[in-house]
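Spelled out, the chains give:
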Amino acid sequence: MNQKIDRRNLLKSGLMAIGGMTLAPHLSFGGAFEDMPLSLDPENRIYRSPMVREHFLDKKPDLSKMVRLGANENPYGPPKTAQKAVCDSVAGGNRYAWKEMNDLVDKIAKKEGVSKDYIMMGPGSSDLLEKVALVLFMNGGNIVSADPCYMSLIQVAKSVGATWKAVPVKEDHSHDLKAMEAAVDKDTKLIYICNPNNPTGAITTGKDLLDFCSRVSEKVPIFIDEAYIELAVGADTESMVSLLQKNKNVIIARTFSKIMGMAGIRVGYMAAQPAFIKQIEKITRGGMGISYTSIAAASAAMDDSEFQVMTRKLNHEAKTYLYANLDKMGYKYIPSYTNFVIFPVSMSGKDLLSKMAAKNISIRAFDIQNKPWCRVSIGTMDEMKTFVGALGTIS
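Residues numbered from 1 in each chain as written. Predicted model: local features only at pLDDT ≥ 70, side-chain atom pairs only at ≥ 80, totals over all residues. Heavy atoms only, no water.

Formally: UniProt positions are given in the numbering used here, feature names are shortened, and annotations may be inferred rather than shown by experiment.
Looking at an unreviewed UniProt entry, the chain carries the name Histidinol-phosphate aminotransferase family protein, with the source organism given as Dyadobacter frigoris. Taken verbatim from the UniProt record of the chain, the Sequence similarities (unreviewed entry) comment is "Belongs to the class-II pyridoxal-phosphate-dependent aminotransferase family. Histidinol-phosphate aminotransferase subfamily."

So, in structure tokens, the structure goes:
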């Protein structure tokens, strides 16, 4: 209890520099959070145990030759238009980019069909997930989400005193919306939904989610993380941003890291009711961690529809190739609407990572239902052929 109180006091007193998300060492996300169990309840039907990471390996891989299929990065980006915008804007890097940021917000607001007071910027969408967690849960409460799911918001909420109500996903790996609604109680401060979901890649249909968010947001805010939605080829899905115009208490996060290939440039935003944005801004400002050059890149990337179409097409083709070969090898993968695929394997996660690292391939390993799973990002076609070849020799 004392530890929780101390953390809240740190937050309230401003000693945690959340404007740039500089956290105290014991709250850093780079190692500790990723190695923590995702489920608080070992009786959950689906849960993930501590992640196995490449840095646990005795032998370090050659990073200069690494086929990087572990972080769900877009292998085709940044788009050339964004690269040129970065180069052209470097000379202005001695100035604060208030006007440029304002112009970018205008462009995003127009795209989403809302006024600019509905938009909050951040250096990537994870920054905004974490800001929301810090502000909403500084005085405790609980957060409801699927299990498994992307854990950034949840782990930060737990670090400042929240409890997590984990709801196992359904047999088809979609969100169990009925069970999630039933999990809401008087202490629930937020429902978090990642759709398409990470790490499963599964999707909850747009119609079902729209109905759920419309109704349940009358009781509690709902945060919908749409990081991968632009990659959901052939899916029955839609953004929940339309609910903002109906005065629903939803928060939608989007990122430039995936479809636009700008993971290292760091730009994201969330759309929410202006009152909610103001609630967050009482504690921390959005957009402070975004550089002048990143703003220029984001604006250019938004206009580059050709690059986005190309990314979707090549991602789908490479994923289809992977599916065909996993089928041949007898792996039962979860159909994915993202730029990664997850499937169970017969060896331990550490052994899998070690064998792949020996072939200079970086992937991720998870435990789900006490069984090891491989999550591989979708790279270029050549990279997927390299992965498939390696998998065939170690399986």
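## Section: the overall build of the chain
Put simply, the test is: The way it works is that DSSP assigns letters per residue, a run of H or I at least four long becomes a helix, a run of E at least two long becomes a strand, and they are numbered from the N terminus. Note on classification: 1.4 Å probe, protein chains only; a residue is buried when its accessible area is under 20% of the maximum for its type, exposed when over 50%, partly exposed between these limits. Contacts: residue pairs with any heavy atoms within 4.5 Å of one another. Method for areas: the Shrake-Rupley scheme with a 1.4 Å probe, in which residue coverage is limited to the protein chains shown.
Looking only at helices and strands, the chain has 12 helices and 12 strands in total. Each of the 395 residues in the chain was classed as buried or not, and the buried ones make up 55%. Within the chain, residue pairs in contact and separated by at least 24 positions form 73% of the contacts whose partners lie at least 6 positions apart. A total of about 17000 Å² of accessible surface is found on the chain, and carbon and sulfur atoms cover 53% of it.

## Quick word on the pairing of strand β8 (residues 268-272)
What counts is decided by this rule: One requirement defines pairing of two strands: DSSP has to find at least two bridges between them.
Extensive coverage of β8 is indicated by the burial of 5 of its 5 residues. As paired elements, strand β2 (residues 119-122) and β8 share 4 bridges and run antiparallel to each other. Each residue of the ladder has a partner; that of M121, found in β8, is Y269. Two strands pair when backbone bridges link them, and strand β7 (residues 250-255) and β8 are joined in this way by 5 bridges, in the antiparallel orientation. Note on β8: the bridge partner recorded for I252 is A271.

## Describing the packing of helix α10 (residues 305-329) against helix α12 (residues 381-394)
Relative placement of two packed helices is described by the angle separating their axes and the distance separating the axes. Stated precisely, the cut-off is as follows: Only the stretch in contact is used when a helix axis is fitted, and all axes are lines through C-alpha atoms; the angle between N-to-C directions ranges over 0 to 180 degrees. In what follows, roughly perpendicular refers to angles from 65 to 115 degrees, roughly parallel to angles under 35, roughly antiparallel to angles over 145, and oblique to any angle outside these ranges. Note on convention: near helix rotated counterclockwise from far helix by under a right angle means a left-handed crossing. Clockwise means right-handed.
Relative to each other, α10 and α12 sit at 15 degrees, their axes nearing to 9 Å. In terms of orientation, α10 lies roughly parallel with respect to α12. Viewed along their axes, α10 and α12 form a crossing whose handedness is right-handed. Together, E317, A318, Y321, L322, N325, L326 and M329 of α10 and M381, M384, K385, F387, V388, L391 and G392 of α12 make up the contact between the two elements.

## Re the packing of aromatic side chains
Stated precisely, the cut-off is as follows: In this scheme Phe, Tyr and Trp rings, the latter by its six-membered ring, pair at centre separations within 6.5 Å, and the angle between planes marks the pair as stacked below 30 degrees, edge-to-face above 60, and tilted otherwise.
In this structure the tally under the stated criterion is 6 aromatic pairs. Here the aromatic rings of Y96 and W98 are separated by 6.0 Å at their centres, their planes lie at 25 degrees, and the arrangement is stacked. A relative accessible area of 71% places Y96 in the exposed class. Take W98: its relative accessible area is 53%, and that puts it in the exposed class. With 6.4 Å between their ring centres and 65 degrees between their planes, F256 and Y269 make a pair best called edge-to-face.

## Describing the environment of D303
Note on placement: D303 falls in helix α9 (residues 292-303). Each C-alpha atom, one on D303 and one on K107, is 9.8 Å from the other, the two residues being 196 residues apart in sequence.

## So, the side chain of S159
As a reminder of what qualifies: Any N or O atom pair separated by 3.5 Å or less is treated as a polar contact, with the protein-specific requirement of one donor-capable and one acceptor-capable atom, and with residues adjacent in sequence counted only for side-chain atom pairs.
Among the structural elements, S159 can be located in helix α5 (residues 152-159). A polar contact is formed between the side chain of S159 and the backbone oxygen of V156, at a distance of 2.6 Å.

## Some points on the sheet that holds strand β3 (residues 142-147)
Pairing in this open sheet of 7 strands is mixed, and the strands run β2-β8-β7-β6-β5-β3-β4 from one edge to the other. The open sheet has two edge strands with one neighbour each: β2 and β4 (163-168). With direction set aside, neighbouring strand axes in the sheet form an average angle of 20 degrees. Together, β2, β7 and β8 form the strand contacts of helix α8 (residues 274-281), whose direction differs from that of β8 by roughly 125 degrees.

## Examining the pattern of salt bridges
Stated formally: Think of a salt bridge as a Lys or Arg side-chain nitrogen and an Asp or Glu carboxyl oxygen that are within 4 Å of each other.
Applying the stated criterion across every chain yields a total of 17 salt bridges. Ionic pairing is found between D88 and K84, a salt bridge with its closest N-O pair at 2.6 Å. Linking D88 with K84, this pair stays in helix α2 (residues 80-89), spanning 4 residues, or about one helical turn. Comparing D88 with K84 shows no difference in burial state: the two are exposed. In this structure, K248 engages E218 in a salt bridge whose closest nitrogen and oxygen atoms are separated by 2.8 Å. Of this pair, K248 sits in the loop between β6 (222-225) and β7 while E218 sits in the loop between α7 (206-216) and β6, and the two are 30 residues apart along the sequence.

## Digging into the sheet that holds strand β11 (residues 364-368)
Through backbone hydrogen bonds, the strands of a sheet pair up, either in parallel or in antiparallel fashion. Taking strand neighbours across the sheet as the criterion, the 3 strands line up as β9-β12-β11 in an open arrangement whose pairing is antiparallel. In this open sheet, the two strands that pair with only one neighbour each are β9 (340-344) and β11. On average, each strand axis in the sheet is tilted by 30 degrees relative to the strand beside it, whichever way the strands run. Note: β9 against strand β12 (residues 371-377), 5 bridges, orientation antiparallel. Among the inter-strand pairings, P344 is bridged to a residue of β12, identified as W373. Docked against the sheet, α10 engages β9 and β12, running at close to 15 degrees with respect to β9. Across the sheet, α12 touches β9 and β12, and the angle it forms with β12 is around 155 degrees.

## Topic: unusual backbone geometry
Here N195 and P196 are connected by a cis peptide whose omega angle stands at -5 degrees. Take P196: it is sitting in the loop between β5 (188-194) and α7. Omega for the peptide link from N198 to P199 comes to 25 degrees, which places this bond in the cis form. Here N247, not a glycine, exhibits a phi torsion of approximately 65 degrees, which is positive. Assignment of secondary structure puts N247 in the loop between β6 and β7. On the basis of relative accessible area, N247 is assigned to the exposed category, the value being 60%.

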